[in-house]
Amino acid sequence: MLIGEVARRSGVSARMLRHYESLGLVQPSGRTGSGYREYAAEDIRRIFQIESLRSLGLSLREIGRALDDPGSAPSALVGDLIRQTRERIAAETELLTQLRRIDAAEPGDWEDVLQVVALLQALASKSADARQRAALSSVAEVPVPVEALVEAVLSETEPNVAGALRWALARSGDGGPALLAQGLDSPVAAVRERAARSLAELPDGEATEHLRGALAHPDAVVRGVAALALGTRGVAEGIPTLIDMIEHGRNDTDAADALSVLASDTATADRIATALVDRLASDGATAPARGRLTQALAGIPGATASHALVELSHDEERAVALTATYLLQLRAAG
């Protein structure tokens, strides 16, 4: 079969077939009387083998070694191809992400594009100062896409930079709460906490709903951040979590302050006081926990809390009785 017919049947151009021949990958089995290349069935089979291996990403040199060296094991070469392909996909995915973020910023001209690129690069800088400046300037200049801010805030370890990013995120418009809520499902505890703290600093509305959902989160830190944030917003659903925090000594002072904020009406104050007393009476409450729970009654107004303190002033645990007595004196003086 002549080279033109081989090219037509194989889909490999005559020029490429000549290139294969120059590299020694395939050699026509013979020549016609006029000197034209003539390919046998075995030659054509080898051409298809070459094309199959090329489709896997092998170089022509690697293909020659694979076909001509019977002892060549494919496992190492295939492993290298897998690694190279993963690296290429990661690079392409990163590029696609950056392009989508630039598009989301809706740049008006190429100057805007360059500003967005500069801000995105600054957010990924190794310099904390550069990241903080980028966060603060993202509001005044061409806005950074919310997705980029969320990614930055969930990965930021420097407290000052994280604060600047949360500030920028709170002013970035829609989309932030839903993306942050996804961070609550991260397998990394630090990322989950950053997501919860960022939601806590966003305005009321969608963020509050995500914080409500976080009260059922298996991570105690996430539940605690959500309960504290909801307490400042006057949402009473976090009361059980706040009491858990006091009992177990996790941010117990902040939790007690949040309870006192929520106890602004008689019904809620009585509900909180009753819940604290029930926890004090539970079998699992340790002596330090009972002391913290008693102290938390200090910020709860109303007759229910006062009656509970009277009862606790006669408690068998001296520390609890002394604390209750002192709190009653403060109430009487007030």
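Quick caveat, the model's predicted, so the values are computed rather than measured.

J.: It is not clear to me how the pattern of salt bridges should be interpreted in this structure. Could you clarify?
T.: Charged atoms that come close allow side chains of opposite charge to pair. Under the counting rule described, the total for this entry stands at 20 salt bridges. Glu5 is the salt-bridge partner of Arg9, the closest N and O atoms lying 2.8 Å from each other. With Arg9 and Glu5 both in helix H1 (residues 3–10) and four residues apart, the pair spans about one turn of that helix. Residue classification places Arg9 among the exposed residues on the basis of a relative accessible area of 56%. A salt bridge links Glu156 to Arg131, with the shortest nitrogen-to-oxygen separation between them at 2.7 Å. Within this pair, whereas Glu156 is found in the loop between helix H8 (146–155) and helix H9 (159–170), its partner Arg131 is found in helix H7 (residues 128–140), the two being separated by 25 residues in sequence. Of the two residues, Glu156 and Arg131, neither departs from the other in class, the shared state being buried. Several salt bridges converge on common partners, so that one network encompasses Glu5, Arg8 and Arg9.

J.: How should the UniProt feature "domain: HTH merR-type" (unreviewed entry) in the chain be read in this particular structure?
T.: Per the UniProt annotation, the sites labelled "domain: HTH merR-type" (unreviewed entry) are residues 1–69. For residues 1–69, the helix share is 61%, the strand share is 6%, and the end-to-end C-alpha distance is 27 Å.

J.: Sorry, what's going on with the nonpolar core here?
T.: Leu242, Leu259, Leu276, Leu297 and Ile300 are the most contacted members of the largest nonpolar core, which totals 69 residues. By size, the runner-up hydrophobic cluster in this structure holds 17 residues, among which are Val6, Leu25, Leu77 and Leu81.

J.: Can you help me understand the side chain of Thr294 in this one?
T.: With respect to the secondary-structure elements, Thr294 resides in helix H17 (residues 287–296). On the basis of relative accessible area, Thr294 is assigned to the buried category, the value being 0%. Here the side chain of Thr294 touches Arg290 through a polar contact of 2.8 Å, landing on its backbone oxygen. Not counting the four nearest positions on each side in its chain, Thr294 is found in contact with Leu280, Leu309, Leu312, Val320, Thr323, Ala324 and Leu327.

J.: For this particular structure, what's the right way to read the packing of H8 against H9?
T.: Axis separation between H8 and H9 bottoms out at 9 Å; the angle between their running directions is 155 degrees. Judged on the interaxial angle alone, H9 and H8 are roughly antiparallel. Two packed elements cross with a definite hand, and for H8 against H9 that hand is left-handed. Contacts from Val146, Leu149, Val150, Ala152 and Val153 in H8 reach Ala162, Leu165, Arg166, Ala168 and Leu169 in H9. Here the contact of H8 with H9 is built from residues that sort into nine nonpolar, no polar and one charged.

Parameters at a glance
- Residues numbered from 1 in each chain as written.
- Predicted model: local features only at pLDDT ≥ 70, side-chain atom pairs only at ≥ 80, totals over all residues.
- Heavy atoms only, no water.
- Salt bridge = Lys/Arg side-chain N within 4 Å of Asp/Glu carboxyl O.
- Helix = DSSP H or I, 4+ residues; strand = E, 2+ residues; numbered from the N terminus.
- Buried < 20%, exposed > 50% of the residue type's maximum accessible area, 1.4 Å probe, protein only.
- UniProt positions renumbered as here; feature names shortened; annotations may be inferred.
- Core = buried A, V, L, I, M, F, W, Y, C linked by side-chain atoms within 4.5 Å.
- Polar contact = N/O pair within 3.5 Å; in protein donor to acceptor, adjacent residues only side chain to side chain.
- Contact = heavy atoms within 4.5 Å.
- Axes fitted to C-alpha atoms, helices over the stretch in contact; angles between N-to-C directions.
- Parallel < 35°, antiparallel > 145°, perpendicular 65-115°, else oblique.
- Left-handed = near helix turned anticlockwise from the far one by under 90°.
- Nonpolar A, V, L, I, M, F, W, Y, C, P; charged D, E, K, R; others polar.

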